[in-house]
Amino acid sequence: MRLLHTMLRVGDLDKSIAFYTEVLGMTLLRRKDYPDGQFTLAFVGYGDEAHNSVIELTHNWGVERYELGTGYGHIALEVDDVYKACEDIRSRGGKITREPGPMKHGTSVLAFVEDPDGYKIELLSPSRRD
């Protein structure tokens, strides 16, 4: 078994695709409309689906906003340099919600960014120890 994808429901698919591709540097792997079901799926990631886990962005037509709830946590991305990644993300219009630095009660350097729908994405250094 292997992890294939994580699905997020999004209110504005084009805005979400732009965030994940232009701000976080992922690639749009595929996008397909399902008129009978009135939804569109888009898959984004850092590599092909055959060898990498990806994110499925689901847009249900006519739904502009979702309540995130209290059960969802975050997606984690490994970056070479958390501080530099935050600078780059900010320069491309991304919203940093937790500035880079050591985690509370630990030593791993991390930061958080928020996508257009409010989903949290954690940025982690490869040298994490926690």
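Residues numbered from 1 in each chain as written. Predicted model: local features only at pLDDT ≥ 70, side-chain atom pairs only at ≥ 80, totals over all residues. Heavy atoms only, no water.

- Looking at an unreviewed UniProt entry, the protein chain carries the name Lactoylglutathione lyase, with the source organism given as Ectopseudomonas composti.
- Of the comments in the UniProt record for the protein chain, the one headed Function (unreviewed entry) reads "Catalyzes the conversion of hemimercaptal, formed from methylglyoxal and glutathione, to S-lactoylglutathione." (UniProt positions renumbered as here; feature names shortened; annotations may be inferred.)

## A word on the layout of surface pockets
Which parts of space are left empty comes out when a probe the size of a water molecule is rolled across the atoms.
Inference 1: One number sums up the size of the largest pocket: a volume of about 220 Å³.
Inference 2: Residue lining of the largest pocket: 14 residues in total, with S53, I55, I75, A76 and L77 positioned closest to the centre.
Inference 3: Among the elements of the structure, β1 (5-9), β3 (39-45), β4 (54-60) and β5 (75-78) are those that each provide at least two residues to the lining of the largest pocket.
Inference 4: Considering every element that reaches the lining of the largest pocket, the biggest residue donor is β5, with three residues.
Inference 5: When its residues are assigned to classes, the lining of the largest pocket shows nine nonpolar, five polar and no charged. (1 Å grid on protein atoms, 1.4 Å probe; cavity = no way out; pocket = protein on both sides within 12 Å on 5 of 7 lines; lining within 4 Å. Points joined across faces, edges and corners; volume = space filled by probe spheres on them. Helix = DSSP H or I, 4+ residues; strand = E, 2+ residues; numbered from the N terminus. Nonpolar A, V, L, I, M, F, W, Y, C, P; charged D, E, K, R; others polar.)

## Notes on the nonpolar core
Inference 1: Core analysis: the biggest nonpolar cluster contains 26 residues, and Y20, L24, I55, L57, I121 and L123 have the highest contact counts within it.
Inference 2: Elements supplying a minimum of two residues to this core: α1 (13-23), β3, β4, β5, α2 (82-91), β7 (109-114) and β8 (120-124).
Inference 3: The contacts of L57, once residues within four sequence positions are left out, are L8, V10, L13, S16, I17, Y20, T40, L41, A42 and V44. (Core = buried A, V, L, I, M, F, W, Y, C linked by side-chain atoms within 4.5 Å. Buried < 20%, exposed > 50% of the residue type's maximum accessible area, 1.4 Å probe, protein only. Contact = heavy atoms within 4.5 Å.)

## Things to note about unusual backbone geometry
Inference 1: Backbone geometry at Q38 places phi at a positive 55 degrees, although glycine is not the residue there.
Inference 2: Assignment of secondary structure puts Q38 in the loop between β2 (27-34) and β3.
Inference 3: Judged by its relative accessible area of 48%, Q38 is partly exposed.
Inference 4: Its identity as a non-glycine residue notwithstanding, H105 has a phi of 65 degrees, on the positive side.
Inference 5: Relative to the helices and strands, H105 is located in the loop between β6 (95-102) and β7.

## Some remarks on the sheet that holds β6
Inference 1: Pairing is mixed in the open sheet, where four strands are placed in the order β5-β8-β7-β6. Either end of the sheet is taken by a strand with one partner, and the two such strands are β5 and β6. On average, adjacent strands in this sheet sit at an angle of 20 degrees to one another, irrespective of strand direction.
Inference 2: Here five bridges tie β6 to β7, and the two strands are oriented antiparallel to one another. (Pairing = 2+ DSSP bridges. Axes fitted to C-alpha atoms, helices over the stretch in contact; angles between N-to-C directions.)

## Brief notes about the pairing of β3
Inference 1: In terms of burial, β3 is a largely internal element, six of the seven residues being buried.
Inference 2: Where β2 lies against β3, seven bridges are found, and the strand directions are antiparallel. Residue L28 lies in a different strand from β3, and its bridge partner there is V44.
Inference 3: Between β2 and the antiparallel strand that follows it, β3, lie four residues; Q38 among them carries a positive phi value of about 55 degrees.

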